[in-house]
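Structure at a glance
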Amino acid sequence: MSVLPLVFTSGWASGVNAYAVVLLLGVFGATGLSDDVPETLQRPEVLVAAGVLFLCEAVADKIPYVDSAWDSVHTVIRPVAGAWVGALLAGQSGSLSDVAAGLIGGSTALASHTVKAGTRMAVNASPEPFSNVILSLAEDLGVGGVVAFAMFHPEAAAVIAGVLLLAGLLTLFFLVSRIRRFRRRRARRREEKRLGEPAARGRSVSGGR
């Protein structure tokens, strides 16, 4: 059986939460629930690192504006993780070349990361903080559920991941105006902070005199 559906699904999931993907796959392999997981992902140090980083992301991902900063940092990390996991899966099965699997996993991860980051910008344009928590929990549960499902039904999981990716891209298209508003608000805050620093230093100097 071709490993392509699992590569595609893991790539989509890596664009949303790469650490959860590595952790889940590693646990499935280490516990013997699946023979399709490469030994590299089952190594204790990999599982520990993925677990710690997953907890960090679980917190940062639920705080307005912090989540967008976290997404910016992971613009490179998530696609690279998707490509790395895809290449490992291909090397384990031998049914797909490592390069092709890396390209599929990386490009899919980049697409889903773009959806995630853009959606968060739109959500951050709203004044209430609860939507961030709800969306983050939905993403965590979605990644966990789809990846777990993919270990036993890879083709069906790939279809679900494809539908979610397409729906996300369409949603992102309709949220462009809110994303622009978020960027204007962030730029205004940076400008206010930049203008406020000289004034604060001036008050400090005059107070010292």
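Below: a short report on this structure. (Residues numbered from 1 in each chain as written. Predicted model: local features only at pLDDT ≥ 70, side-chain atom pairs only at ≥ 80, totals over all residues. Heavy atoms only, no water.)

**Quick look at the environment of L23**
The residue L23 is located in helix α1 (residues 4-30) in this model. A relative accessible area of 23% means that L23 is categorised as partly exposed. When the C-alpha atoms of L23 and A50 are compared, they prove to be 5.5 Å apart, with 27 residues separating the residues in sequence. Residue contacts for L23: discarding those within four places in its chain leaves L47, A50, G51 and F54. (Helix = DSSP H or I, 4+ residues; strand = E, 2+ residues; numbered from the N terminus. Buried < 20%, exposed > 50% of the residue type's maximum accessible area, 1.4 Å probe, protein only. Contact = heavy atoms within 4.5 Å.)

**Some points on the packing of aromatic side chains**
Under the defined criterion, the tally for this structure stands at two aromatic pairs. Between F173 and F174, the ring centres sit 5.4 Å apart and the planes meet at 80 degrees, which makes this aromatic pair edge-to-face. Exposure remark for F173: the relative accessible area of 60% places this residue in the exposed category. With relative accessibility at 65%, the residue F174 sits in the exposed group. (Phe/Tyr/Trp six-rings, centres within 6.5 Å; stacked < 30°, edge-to-face > 60°.)

**Some remarks on the packing of helix α2 (residues 44-60) against helix α3 (residues 66-93)**
In the contact formed by α2 and α3, the axes pass within 9 Å of each other and the chain directions differ by 140 degrees. When the axes of α2 and α3 are compared, the pair comes out oblique. Counting all contacts with α2, which are made through C56, E57 and A60, the residues of α3 involved are V66, D67, W70, H74 and R78. (Axes fitted to C-alpha atoms, helices over the stretch in contact; angles between N-to-C directions. Parallel < 35°, antiparallel > 145°, perpendicular 65-115°, else oblique.)

**Observations regarding the pattern of salt bridges**
This model, assessed by the stated rule, comprises nine salt bridges. A salt bridge links K116 to D61, with the nearest nitrogen and oxygen atoms 3.1 Å apart. With a gap of 55 residues between them, K116 in helix α4 (residues 98-124) and D61 in the loop between α2 and α3 connect regions that are remote in the sequence. Residue K116 is classed as buried on the basis of its relative accessible area of 3%. Between K116 and E139 there is a salt bridge, with its nearest N and O atoms 2.7 Å apart. Note that K116 is positioned in helix α4 and E139 in helix α5 (residues 130-152), a separation of 23 residues in sequence. Members of the salt-bridge network, linked through shared partners, are D61, D67, K116, R120 and E139. (Salt bridge = Lys/Arg side-chain N within 4 Å of Asp/Glu carboxyl O.)

**Some points on a nonpolar patch on the surface**
Among the surface-exposed residues, L166, L170, F173 and F174 lie close enough to one another that they form a single nonpolar patch of about 500 Å² accessible area. With respect to the helices, strands and loops of the structure, F173 is situated in helix α6 (residues 154-174). (Patch = residues over 30% accessible without salt bridge, like charges linked within 9 Å, V, L, I, M, F, W, Y side chains within 5 Å. Areas by Shrake-Rupley, 256 points an atom, 1.4 Å probe, with all protein chains shown as cover.)

**Overview of the packing of α4 against α5**
Across the interface, α4 lies against α5 with an axial gap of 10 Å and an inter-helix angle of 160 degrees. Here α4 lies roughly antiparallel to α5, going by the angle between them. Where α4 crosses over α5, the handedness of that crossing is right-handed. Together, K116, T119, R120, V123 and N124 of α4 and S131, N132, L135, S136 and E139 of α5 make up the contact between the two elements. For the contact of α4 with α5, a count of residues per class yields two nonpolar, five polar and three charged. (Left-handed = near helix turned anticlockwise from the far one by under 90°. Nonpolar A, V, L, I, M, F, W, Y, C, P; charged D, E, K, R; others polar.)

None of this, on its own, says anything about what the molecule does.
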